[in-house]
Amino acid sequence: MNGPPINPIERVDCPVDVLLAAYAAGALDPALMALVGAHLDLRPKSRAFLAALETAAGGWLAELEPAPFADRDRRLAAACAAIDAAPEDAPATVPIADADDALPPSLRRYLGRASDALAWTTRPDGVAECVISRDRHAEVVVLRAPGGTELPTHEHAGLELTLVLTGGFRDAAGRYGPGDICVADETRAHRPVIDPGGDCVCFAVTVVHVRLPDAAGRLLRLLVR
Ligand code: ZN
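Thresholds, definitions, all that
Residues numbered from 1 in each chain as written. Predicted model: local features only at pLDDT ≥ 70, side-chain atom pairs only at ≥ 80, totals over all residues. Heavy atoms only, no water. Donors = N, O, S within 2.8 Å, 3.2 Å for Na, K, Ca; no water. Helix = DSSP H or I, 4+ residues; strand = E, 2+ residues; numbered from the N terminus. Buried < 20%, exposed > 50% of the residue type's maximum accessible area, 1.4 Å probe, protein only. Pairing = 2+ DSSP bridges. Contact = heavy atoms within 4.5 Å. Axes fitted to C-alpha atoms, helices over the stretch in contact; angles between N-to-C directions. Core = buried A, V, L, I, M, F, W, Y, C linked by side-chain atoms within 4.5 Å. Salt bridge = Lys/Arg side-chain N within 4 Å of Asp/Glu carboxyl O. Expected span 1.5 Å × (residues − 1). Parallel < 35°, antiparallel > 145°, perpendicular 65-115°, else oblique. Left-handed = near helix turned anticlockwise from the far one by under 90°. Nonpolar A, V, L, I, M, F, W, Y, C, P; charged D, E, K, R; others polar. pLDDT = per-residue confidence, 0-100.

Enquirer: When you look at the coordination of the zinc ion in this model, what are you seeing that I'm missing?
Expert: Angles between donor atoms at a metal ideally measure 109.5 degrees for a four-coordinate tetrahedral arrangement and either 90 or 180 degrees for a six-coordinate octahedral one. The protein atoms that coordinate the zinc ion are His154 (NE2), His156 (NE2), Glu160 (OE), Glu160 (OE) and His190 (NE2), at distances of 2.0 to 2.7 Å. When the donor residues of the zinc ion are listed from N- to C-terminus, their spacing reads H-x1-H-x3-E-x29-H. Of this pair, histidine 156 sits in the loop between β3 (138-145) and β4 (159-166) while histidine 190 is found in the loop between β7 (181-184) and β8 (193-194), placing the two residues 34 residues apart along the sequence. A residue is classified by how much of its surface remains accessible, and histidine 156, at 9% relative accessible area, is buried.

Given below as C-alpha cells:
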C-alpha cells in the first residue's frame, strides 16, 4: 500500500466521538481504554453519549442473524475448564475512589498507583514526565508542565492523544481544560502553551498507527441515522 496510513480518527468531525464508539466496542488497547475511561470519569456528557452508543449496540446485536454454533459442547466444556483453572482475582492495591487524588479512577486503575507514587523525571524543556511505557509502536506518559510554559513546536510520528487531568493549555486549534482530549497526528504540528497559574497534568498516548474496526464506525452511524 502506498501513501501514509489512513487514520480513521482524523477523518471525522469529532474525534472524541470516534474514540467513544471504539471504547463502547471494546476495540481500544489498554492505554487508550484508560484514556477514554478517564475522560468519561471527568465528563458526564460523554457518559450520556456512551450510554446511547451502548443502547445502539444492543439493538445492533439483536438485529444480527443467528449463526450456527459449531462444536458447541466441546467449546462450552473448554470455557468451563478455563474458568475453573483461572486464579482468584487479586485484591485491588489501589483504592478505586479517592477524591483527593489528581488521577481519575480509570487512570488510577490502569497505572496501579496514585498520583503521589508516580516517578517523575524532568525534561530539558522543563516538563516533568513519568513514562509508563515506550517502544517503537507506542508511548504512554503522564506529563506535568508548570503554568506559563511555552513548549516548542513539534511534529508527531503517529497519533497523539493528550487528556488534560488538571490545569490547561492551548494551541492553534483551541484551549483544552480538564477532561478535554487534544488530538494531533502526522498532519498537524502544534505548539502547546500551558495556562498561567498552576501546573497542567496530562495523560498522553501516542500510537504509530491506529486502525479501528468497522464496529466503531457502525455504532456511530446507528446513533446519527
Ligand atoms: Zn503534540
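Enquirer: Before we go on, may I ask you to explain the sheet that holds strand β5 (residues 169-171) in this structure?
Expert: Strand pairing within a sheet occurs via backbone hydrogen bonds; the two strands may be parallel or antiparallel. Spatially, three strands are ordered β6-β5-β8 in an open sheet, and the strand pairing comes out antiparallel. Unpaired on one side and paired on the other, β6 (174-176) and β8 mark the two borders of the sheet. Pairing geometry for β5 and β8, over two bridges, is antiparallel. Paired with arginine 170 across the two strands is valine 193, which belongs to β8.

Enquirer: Would you mind showing me how to read the sheet that holds strand β1 (residues 121-122) here?
Expert: Across the sheet, which stays open at both edges, the six strands sit in the order β1-β2-β3-β9-β4-β7 with antiparallel pairing between neighbours. Bordering the open sheet on either side are β1 and β7, each of which pairs with just one other strand. When β1 meets strand β2 (residues 128-134), the two strands line up antiparallel, connected through two bridges. Residue pairing across strands places threonine 122 opposite alanine 128, the latter belonging to β2. Taken strand by strand, helix α2 (residues 30-42) contacts β3, β4, β7 and β9 (200-207), and its axis lies near 35° from that of β4.

Enquirer: Explain the nonpolar core here, please?
Expert: Nonpolar side chains in soluble globular proteins tend to be buried together. Leu35, Leu107, Leu161, Ile181, Phe203 and Val205 are the most contacted members of the largest nonpolar core, which totals 33 residues. Contributing elements (two or more residues each) for this core: α1 (15-24), α2, α3 (44-63), α5 (105-111), β3, β4, β7 and β9. Membership of the second largest hydrophobic core comes to 13 residues, among which are Val141, Tyr176, Cys200 and Ala204.

Enquirer: How should I be thinking about the pattern of salt bridges in this particular structure?
Expert: Opposite charge on two side chains lets them pair, provided their charged atoms get close. Going through the model one piece at a time under the given rule, you end up with nine salt bridges. Here arginine 123 makes a salt bridge to glutamate 129, at a shortest N to O gap of 3.5 Å. Using a relative accessible area of 27% as the deciding quantity, one classes arginine 123 as partly exposed. Owing to a relative accessible area of 11%, glutamate 129 belongs among the buried residues under this scheme. Put simply, arginine 144 and aspartate 199 hold a salt bridge, and the shortest N to O gap is 3.9 Å. In this pair, arginine 144 sits in strand β3 while aspartate 199 sits in the loop between β8 and β9, placing the two residues 55 residues apart along the sequence.

Enquirer: Help me out: how do you make sense of α2 in this one?
Expert: Each turn of an α-helix holds 3.6 residues, which means side chains three or four residues apart point in the same direction. In this model, α2 (13 residues) spans 18 Å end to end at C-alpha, consistent with the 18 Å of a helix rising 1.5 Å per residue. Of the positions making up α2, those classed as buried are Ala31, Leu32, Ala34, Leu35, Val36, Gly37, Ala38, His39 and Leu40.

Enquirer: Mind showing me how you'd approach the packing of α1 against α2 here?
Expert: If you want to describe how two helices pack, look at the angle between their axes and the distance between the axes. Remark: α1 packs on α2, axes separated minimally by 10 Å, with the N-to-C direction vectors making an angle of 110°. On the basis of their axis angle, the class for α1 and α2 is roughly perpendicular. Taken as a pair, α1 and α2 cross one another with a handedness that is left-handed. Judged by residue contacts, Val16, Leu19, Leu20 and Tyr23 of α1 engage Met33, Val36, Gly37, His39 and Leu40 from α2. Of the residues assigned to the contact of α1 with α2, the class counts are seven nonpolar, two polar and no charged.

Enquirer: Got a minute to help me understand the confidence of the model for the protein chain in this structure?
Expert: Close inspection of predicted coordinates is inappropriate in any region flagged by low pLDDT. Of the residues in the protein chain, 73% reach a pLDDT of 70 or more, and the chain-wide mean stands at 80. Confidence scores differ between elements of the protein chain, with helix α6 (residues 214-224) showing the lowest mean pLDDT of 56 and β8 the highest of 97. Throughout residues 1-12 the model reports pLDDT below 50, and contacts reaching past four residues in sequence, or to other chains, amount to 18 contacts. Taken as a whole, residues 89-97 scores under 50 in pLDDT and shows nine contacts with residues more than four places along the chain or in a different chain.

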